[in-house]
Amino acid sequence: MPKGTYYFTKGFLWGTATAAQQVEGRNDNNTWAAWEAQEGRIQGGDRAGLACDWWGGRWREDFDRASTAGQNAHRLSIEWSRIQPAPDMWDEEALDRYRQMLIGLQERKMTPMVTLHHFSEPIWVADIGGWENPAIIDLFGGFVRKSVQALMPYCRLWVPINEPNVFALSAYVAGLFPPGKKDLKLALMVLRHLVGAHARAYHVIHELQPEARVGTSIHYRGFTPATWLGVDRLAANAYNRVFNDLFPQAVTDGQFDLPFKKDQIPEAAGTQDFLGINYYTSSHVRFDLLAPKDLFAHLSYPEGAALSETGFIANTPQGMIDAVLWGEQFGAPMIITENGVDDSDDVLRPQYLLEHLHALWRVMNDNHPVEGYFHWTLVDNFEWERGWSQRFGLWGLDLETQARVRRPSADLYAEICRTNGISADMVEKYAPQSMPNLFP
Ligand code: BGC
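Computed from a predicted structure; not experimentally measured.

S.K.: Any chance you could explain the overall build of the protein chain here in plain terms?
M.R.: For the protein chain, the count of helices and strands is 15 helices and 13 strands. On C-alpha atoms alone, the protein chain measures out to a radius of gyration of 21 Å, which is about the 22 Å that the 2.2 N^0.38 rule sets for 440 residues. Its C-alpha atoms give the protein chain principal-axis dimensions of roughly 65 × 55 × 45 Å. Within the protein chain, buried positions represent 59% of all 440 residues. Contacts spanning at least 24 positions in sequence make up 74% of the contacts within the protein chain whose residues lie at least 6 apart. Of the roughly 17,100 Å² of accessible surface on the protein chain, 53% is carried by carbon and sulfur atoms. Side chains of the protein chain carry 39 positive and 54 negative charges; the gap between the two charge centres is 2 Å.

Put into structure tokens, the structure is as follows:
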């Protein structure tokens, strides 16, 4: 019987990632609270509500969970609408709560990474046009300055904008996130403003804290042509270019090149100290003339890949290797800032986790260094337009009682974090079906 262990590099960051709107609860002053209140926007009419009640202080018990489970890092986001509830108003008390959270991480010897925008804005920002209005770059810069001034003694890893590609697509093409528009041209304009806001944040943060490391958190999705046909290859290529490459390219060399138009955002060049990759799944792309809404393509999951509970994610661990190889072209150190699966019964998660980490280990051992891994997520949270229908937590959440229910994957991930590796024993215990692949 094989008994090996695949060890990760010394000092590797092991954590989970969370986002304010998804865990904090008790917010009625941002775009998501307003969106959730509209009929038909969220599956089952769900609302974030109390969420995991971090605003009520339950972050303490959840940080305890994470730290006793061997995690040495945590990625969280701070909420613009709490810190700047009105254009001319700063809420020092809200900033102090975030300060306490970051001190809480320090006390538990966990490295914090802070995201400054994770899909939500104050309502007053949306009222003046939100991301469609170029004025947002100055406004965001002001919020970043205020927040970083207050929080920089406790944090040096910053992500100005989470998944600008998913945000622009979901809010301005698919109409699933507020403001619910369906306009590709507008989405590309918004993406341009997101690049500008990232660049502004980068410069503000470095001015305040020269030793800071400011990165991105890009949702990388594997897109492979469904067949050998040229049109499928063209379609997959267009998806790669626009969804995966556009933003990280712009913050690397200032080029903002669309398939049919070259453009530049010079102030964005060189504004990425690390590339954060959120990797969940990969798709096959088939050209479809009848699908202009979906950029003339039909996406599907590779045949035979195990699907998550709601069919949202396919288990495609090879994509983790592809993601890192892809990320290398941008020349910045890499961190996996999200990866996980919806699975309330924890049927697929142990296998998904082990196979993705094994893929990560393999690519790292081929001399493609990655600094850390943040699992999505610690405790079940509010999953945007899918409401509470999807459960991504290592711990489950009972919404009625706020009780946390440990899933087997919480123990598995704790063993991984403590060992700094994945062993044959773990695979045998938690996902024996992966033995032939992982320990042949
Ligand atoms: C987002 C998270 C989200 C996760 C799972 C990512 O795209 O950054 O906020 O919860 O996917 O849906």
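S.K.: It is not clear to me how the nonpolar core should be interpreted in this structure. Could you clarify?
M.R.: The biggest cluster of nonpolar side chains holds 129 residues, and the ones touching the most others in it are Trp131, Phe140, Leu360, Tyr373 and Ile416. When sequence neighbours within four positions are dropped, the list of residues in contact with Ile416 reads Trp14, Leu353, Leu354, Leu357, Gly421, Ile422 and Met426. In terms of nonpolar packing, the next biggest core, distinct from the first, is built from 17 residues, Met113, Leu157, Leu348 and Phe374 among them.

S.K.: What is the right way to read the packing of aromatic side chains from this model?
M.R.: Each aromatic ring pair is specified by the distance between its two centres and by the angle formed by the two planes. This model, assessed by the stated rule, comprises 31 aromatic pairs. Each ring, one from Trp55 and one from Tyr98, has its centre 5.3 Å from the other, and the planes form 55 degrees; the classification is tilted. Pair noted here: Trp55 is in helix H3 (residues 54-68) and Tyr98 is in helix H5 (residues 92-107), with a separation of 43 residues, a long-range link. Geometrically, the ring pair formed by Trp59 and Phe63 is tilted, given 5.3 Å between the ring centres and 55 degrees between the ring planes. One end of the pair is Trp59 and the other is Phe63, both in helix H3 and four residues apart, which spans about a single turn. An identical accessibility class is assigned to Trp59 and Phe63; each is buried. A connected cluster of aromatic rings, assembled from ring pairs, spans Trp32, Trp80, Phe119, Trp124, Trp131, Phe140, Phe143, Phe167, Tyr172, Phe177 and Trp384. In this structure, Arg82 packs its charged tip against the face of Trp55, placed 3.9 Å from the ring centre.

S.K.: Please clarify how helix H7 (residues 136-151) should be interpreted in this entry.
M.R.: Residue pairs three or four apart in sequence face the same way in an α-helix, which turns once every 3.6 residues. Between the first and last C-alpha of H7 there are 22 Å, a value that for 16 residues agrees with the 22 Å anticipated at 1.5 Å per step. Every buried residue belonging to H7 is among Ile136, Ile137, Phe140, Gly141, Phe143, Val144, Ser147, Val148, Ala150 and Leu151, and all of these are buried.

S.K.: For this particular structure, what's the right way to read the pattern of salt bridges?
M.R.: A pair can form between side chains of opposite charge whenever their charged atoms are brought close. This model, assessed by the stated rule, comprises 29 salt bridges. Ionic pairing is found between Glu338 and Arg75, a salt bridge with its closest N-O pair at 3.0 Å. One end of the pair, Glu338, is in strand S9 (residues 334-338); the other, Arg75, is in strand S3 (residues 73-77), and 263 residues separate them in sequence. The burial state of Glu338 is the same as that of Arg75; both residues are buried. Residues participating in the shared-partner salt-bridge network are Arg26, Asp53, Arg58, Glu61, Asp62, Arg65 and Arg404.

S.K.: What am I meant to see in the site of the ligand here?
M.R.: Lining the immediate surroundings of the ligand are 14 residues, of which Gln22, His118, Glu163, Glu383 and Trp384 lie closest. Contact distances for the ligand include 2.7 Å between an oxygen atom and a side-chain N or O atom of Glu383. At 3.0 Å from an oxygen atom of the ligand is found a side-chain nitrogen or oxygen belonging to Arg386. Considered on its own, the ligand offers 310 Å² of accessible surface; in the complex 95% of this is hidden by protein.

S.K.: What is the right way to look at the pairing of S3 in this model?
M.R.: Each regular strand shows side chains that alternate between the opposite faces of the sheet. Most of S3 is tucked away, with five of its five residues classed as buried. Both faces of S3 are covered, namely the face carrying Ala73, Arg75 and Ser77 and the face carrying His74 and Leu76. Both strand S2 (residues 13-17) and S3 contribute to a ladder of three bridges, which runs parallel. By the bridge assignment for S3, Thr16 is matched with His74. Bridge count for S3 against strand S4 (residues 111-117) is five bridges, and the pairing is parallel. Each bridged residue has a counterpart across the sheet, and for Leu76 the counterpart in S4 is Val114.

S.K.: Would you take a moment to explain the environment of Lys3 for this structure?
M.R.: Looking at the element boundaries, Lys3 is found in the segment before strand S1 (5-7). Taking the C-alpha atoms as reference points, Lys3 and Gly421, separated by 418 residues in sequence, lie 13 Å from one another. Residue contacts for Lys3: discarding those within four places in its chain leaves Ala424, Asp425 and Glu428. Of note is the side chain of Lys3, whose polar atom sits 2.9 Å from the side chain of Asp425.

S.K.: I keep staring at the packing of helix H12 (residues 349-365) against helix H13 (residues 408-419) and nothing clicks. Help me out?
M.R.: Pairs of packed helices are described in terms of their axes, by the angle between the two and the distance that separates them. Orientation of H12 relative to H13, taken along the N-to-C sense of each, is 25 degrees, at an axis distance of 9 Å. By the angle between their directions, the pair H12 and H13 is classed as roughly parallel. The handedness of the crossing between H12 and H13 is right-handed. Mapping the contact onto sequence places Arg349, Pro350, Leu353, Leu354 and Leu357 in H12 and Ser409, Leu412, Tyr413 and Ile416 in H13. Counted by class, the contact of H12 with H13 contains seven nonpolar, one polar and one charged residues.

S.K.: It is not clear to me how unusual backbone geometry should be interpreted in this structure. Could you clarify?
M.R.: Excluding glycine, residues mostly have negative phi values, and the peptide bonds linking residues are mostly trans. Residue Pro179 follows Pro178 across a cis peptide bond; omega there is 10 degrees. Along the chain, the position of Pro179 falls in the loop between helix H8 (164-172) and helix H9 (184-208). With omega at 10 degrees, the peptide bond leading from Trp376 into Thr377 counts as cis. Mapped onto the elements, Thr377 comes out in the loop between strand S10 (370-375) and strand S11 (395-397). Positive phi, close to 55 degrees, is recorded for Arg26, a residue that is not glycine.

S.K.: Whenever I open this one, the layout of surface pockets confuses me. Can you help?
M.R.: Counted as a void, the largest pocket has a volume near 1,100 Å³. Secondary structure elements with two or more residues in the lining of the largest pocket: H8, strand S6 (213-225), helix H10 (230-253), strand S7 (274-287) and strand S8 (297-300). Counting residues per element, the lining of the largest pocket draws most heavily on S8, which supplies four residues. Classifying every residue of the lining of the largest pocket by side-chain character gives 21 nonpolar, nine polar and 10 charged. In this structure, the second largest pocket occupies an estimated 590 Å³ of space. In this structure, the second largest pocket is lined by 19 residues; those nearest its centre are Ala238, Val242, Pro259, Phe260 and Leu295. Mapped onto the lining of the second largest pocket, the elements with two or more residues apiece are H9 and H10. Per element, the largest residue contribution to the lining of the second largest pocket is eight residues, and it comes from H10.

What counts, and at which threshold
Residues numbered from 1 in each chain as written. Predicted model: local features only at pLDDT ≥ 70, side-chain atom pairs only at ≥ 80, totals over all residues. Heavy atoms only, no water. Helix = DSSP H or I, 4+ residues; strand = E, 2+ residues; numbered from the N terminus. Rg over C-alpha atoms; globule rule 2.2 N^0.38 Å. Buried < 20%, exposed > 50% of the residue type's maximum accessible area, 1.4 Å probe, protein only. Contact = heavy atoms within 4.5 Å. Areas by Shrake-Rupley, 256 points an atom, 1.4 Å probe, with all protein chains shown as cover. Lys, Arg positive; Asp, Glu negative; His and termini not counted. Charge placed at Lys NZ, Arg CZ, Asp CG, Glu CD. Core = buried A, V, L, I, M, F, W, Y, C linked by side-chain atoms within 4.5 Å. Phe/Tyr/Trp six-rings, centres within 6.5 Å; stacked < 30°, edge-to-face > 60°. Lys NZ or Arg CZ within 6 Å of the ring centre and 35° of its normal. Expected span 1.5 Å × (residues − 1). Salt bridge = Lys/Arg side-chain N within 4 Å of Asp/Glu carboxyl O. Near = heavy atom within 4 Å. Polar contact = N/O pair within 3.5 Å; in protein donor to acceptor, adjacent residues only side chain to side chain. Pairing = 2+ DSSP bridges. Axes fitted to C-alpha atoms, helices over the stretch in contact; angles between N-to-C directions. Parallel < 35°, antiparallel > 145°, perpendicular 65-115°, else oblique. Left-handed = near helix turned anticlockwise from the far one by under 90°. Nonpolar A, V, L, I, M, F, W, Y, C, P; charged D, E, K, R; others polar. 1 Å grid on protein atoms, 1.4 Å probe; cavity = no way out; pocket = protein on both sides within 12 Å on 5 of 7 lines; lining within 4 Å. Points joined across faces, edges and corners; volume = space filled by probe spheres on them.

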